Amino acid sequence: MSSWWSDHPDLETVARRGRKELQQETLSAELDNELLRKRRRQLVDVCYEWMNRGDLVTVSAGGQEFEGRLVAVVNDLLVVATKTFEVVFNLTTVDFARSDRQAAFSGSSGDRTVGSFRAALGRAEVDQNPIRLVGTAGVFDVTGVIDASTEDHVLIRDGQGIEWALPRSRMAFAVGDFPTPR
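A brief structural summary.

What counts and how
- Residues numbered from 1 in each chain as written.
- Predicted model: local features only at pLDDT ≥ 70, side-chain atom pairs only at ≥ 80, totals over all residues.
- Heavy atoms only, no water.
- Helix = DSSP H or I, 4+ residues; strand = E, 2+ residues; numbered from the N terminus.
- Buried < 20%, exposed > 50% of the residue type's maximum accessible area, 1.4 Å probe, protein only.
- Lys, Arg positive; Asp, Glu negative; His and termini not counted.
- Salt bridge = Lys/Arg side-chain N within 4 Å of Asp/Glu carboxyl O.
- Polar contact = N/O pair within 3.5 Å; in protein donor to acceptor, adjacent residues only side chain to side chain.
- Contact = heavy atoms within 4.5 Å.
- Phe/Tyr/Trp six-rings, centres within 6.5 Å; stacked < 30°, edge-to-face > 60°.
- Core = buried A, V, L, I, M, F, W, Y, C linked by side-chain atoms within 4.5 Å.
- Pairing = 2+ DSSP bridges.
- Arc of directions from axis to C-beta.
- Axes fitted to C-alpha atoms, helices over the stretch in contact; angles between N-to-C directions.

Our focus in this paragraph is the side chain of D158. Mapped onto the fold, D158 is located in strand β8 (residues 153–158). Here D158 is buried and forms no salt bridge, its nearest opposite-charge partner R157 lying at an N-O distance of 7.2 Å. There is a polar contact of 2.9 Å between the side chain of D158 and the backbone nitrogen of Q160. A polar atom in the side chain of D158 sits 3.0 Å from the side chain of W164. Filtering out sequence-adjacent residues up to four positions away, D158 remains in contact with V142, T143, G144 and W164.

With respect to the secondary-structure elements, V73 resides in strand β2 (residues 64–74). Of the residues examined, V73 reaches a relative accessible area of 4% and is grouped as buried. Taking the C-alpha atoms as reference, V73 lies 46 Å from G18; in sequence the two are 55 residues apart. The residues touching V73, leaving out its near neighbours within four places in the chain, are V44, C47, Y48, M51, L78 and R112.

The next point concerns the packing of aromatic side chains. For the coordinates displayed, the defined rule picks out four aromatic pairs. Measuring from ring centre to ring centre gives 6.2 Å for F66 and F85, while their planes differ by 85°; the resulting arrangement is edge-to-face. Of this pair, F66 sits in strand β2 while F85 sits in the loop between β3 (77–81) and β4 (86–90); the two residues are 19 residues apart in sequence, bridging distant segments of the chain. On the basis of relative accessible area, F66 is assigned to the buried category, the value being 8%.

Turning our eyes to something else, we now look at the nonpolar core. If you look at the biggest cluster of nonpolar residues, it comprises 22 residues, and the most contacted ones within it are L77, L121, I131, L133, I156 and M171. For this core, the secondary-structure elements that each account for two or more residues are β2, β3, α3 (117–127), β6 (131–135), β7 (141–149), β8 and β10 (171–176). For this core, the element with the highest residue contribution is α3, accounting for four residues. Core analysis: the next-biggest nonpolar cluster, separate from the first, contains 21 residues, V80, V87, L91 and F173 among them.

A separate point is the pairing of β10. Where burial is concerned, most of β10 is hidden: five out of the six residues are buried. Bridge count for β4 against β10 is three bridges, and the pairing is antiparallel. In the strand pairing of β10, V87 is matched with V175. The sheet contact formed by β6 and β10 spans five bridges and is antiparallel. Bridge pairing links R132 to V175 in β10.

Those residues of helix α2 (residues 43–53) not exposed but buried are V44, V46, C47, W50 and M51. Seen along its axis, α2 keeps its buried residues to an arc of 160°; they face one direction. Looking at the packing, one finds that the buried side of α2 touches β1 (56–61), β2, β3 and β5 (96–101).

Taken in spatial order, the 10 strands make up an open sheet running β5-β1-β2-β3-β4-β10-β6-β7-β8-β9, and their pairing is antiparallel. Of all the strands in the sheet, the pair left with one neighbour each is β5 and β9 (163–167). The sheet shows a mean angle of 40° between the axes of neighbouring strands, direction not considered. Two strands pair when backbone bridges link them, and β1 and β2 are joined in this way by six bridges, in the antiparallel orientation. Note that in β2 the partner of T58 across the bridge is E67. With respect to the sheet, α2 is in contact with β1, β2, β3 and β5, its orientation differing from that of β2 by roughly 90°. Most of the contacts of α3 go to β7, to which it runs at about 85°, and overall it touches β3, β4, β6, β7, β8 and β10.

Right under this line is the structure:
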């Protein structure tokens, strides 16, 4: 049984046009909604999506680039597992992050054992593992053992026994023997 207007060609044309306009408006509203969602995100949100999806990423900080998969993204902490080591980034000093290939790895909700860049440095202090700290724009590149990780700086003793006080706000990334999450 057909609708009553299908017997009237003019009304059927109007109905078809109305359905087409409704579909276009719905599509336009969905595109606008996606654009607004993207505009509300912060860098940590974008990186978390990439980690969830399992993207191959490149992250640049301190004048260096690292390629791998994201294994932790939380607050100001970004951890990239390269083929040979992990790099712990201070997200507030990252030069750029780029998704090179979507779903290159299995996605993950990430490691939540450490909730900030400061906490990652605190773990390195407690474990007394050697760590390399690199500053923004290459202002410092020090490898040693952390004596104290404070609110605004890190005291680190290098291989020659020299003590450095490095402002955390100027730290781009850290590379070291970080404990593996349990």
